[in-house]
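These are the residues of each chain, in order.
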Amino acid sequence: MRIVRTKDYEEMSRKAAAIISAQVVIKPDCVLGLATGGTPVGIYKNLVNWYKGGDLDFSEVTSVNLDEYRGLPREHKESYWSFMHRNLFDHVNIKPEHINLPDGMNMDADAECARYDKVIESVGGIDLQLLGIGHDGHIGFNEPSNAFDLGTHCVKLTDETIDANQRFFNNRDEVPREAYTMGTRTIMQARKVLMVVSGKDKAEIIKKAFFGPVTPEVPASILQMHPDFTLVADEDALSLL
Ligand code: PGA
């Protein structure tokens, strides 16, 4: 595990974007596992700027997103499909047929999760997986549980996650209650994992996840076992270490 300490959110975004950019330059047809949430927004801004400046080319890149709300049409502005298009895909030259997300409108959970696992397998696995972390230690929508989950699966969001995601919707009732997410096995099979974290409110969970025991009660803690895991975090997020 490698920790990159940054002064603030802007530097965190720039350093993490540089790692993703290096991946794309070294392997132009790489598979990026991408993430949503508040934290990666700055990374995508940098990638778009570098693309516009002619320094990055996404024409051969494939993306597989971590997760998607179940039951939310992709046209909904808070679907992860919309988020990814608004923040990245609409502004770079990634091919639409190279963009993959779980289909939140396929209500047959078993079929959709099996399909998505096959997609990840068919593109040759993930070269670099980007992750944020929830206050409860979740990665993707892998919430605290009794066991590390396997492949893509359907989850019920915890009250804490519904509360945290409420800020994106008009009210709490609008937040979907379920999601499809890559499992911790899928994430651990990525060749590189990059986590970004910013802010004092994440300091406690960073300490617990990476300087405490590996336990499914803190899903991110399994990343301690990943052979190529980089944490890019600002001083606030690292303030309890
Ligand atoms: P955030 O979400 O980046 O919006 O804090 C992180 C997460 O829940 O994985």
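Scroll up a little and you will see the structure.
Residues numbered from 1 in each chain as written. Predicted model: local features only at pLDDT ≥ 70, side-chain atom pairs only at ≥ 80, totals over all residues. Heavy atoms only, no water.

**Side note on the pattern of salt bridges**
In total, this model carries 13 salt bridges according to the counting rule given. Taking the shortest distance from any N to any O, the salt bridge between Arg172 and Asp163 comes out at 2.7 Å. Of the charged contacts in the structure, one is a salt bridge between Asp228 and Lys192, with a shortest N-O distance of 3.3 Å. Of this pair, Asp228 sits in the loop between helix H7 (203–211) and strand E10 (229–234) while Lys192 sits in strand E9 (residues 192–197), and the two are 36 residues apart along the sequence. Each of the salt bridges in this network shares a partner with another, and the network as a whole consists of Arg2, Lys192 and Asp228. (Salt bridge = Lys/Arg side-chain N within 4 Å of Asp/Glu carboxyl O. Helix = DSSP H or I, 4+ residues; strand = E, 2+ residues; numbered from the N terminus.)

**Things to note about the pairing of strand E8 (residues 178–181)**
The two faces of E8 match: Glu178 and Tyr180 on one face and Ala179 and Thr181 on the other face are all buried. Note: strand E4 (residues 67–69) against E8, 3 bridges, orientation antiparallel. Of the residues in E8, the one forming a bridge with Tyr69 is Ala179. Pairing of strand E7 (residues 153–156) with E8, which is carried by 4 bridges, proceeds in the antiparallel orientation. In the strand pairing of E8, Lys156 is matched with Glu178. (Buried < 20%, exposed > 50% of the residue type's maximum accessible area, 1.4 Å probe, protein only. Pairing = 2+ DSSP bridges.)

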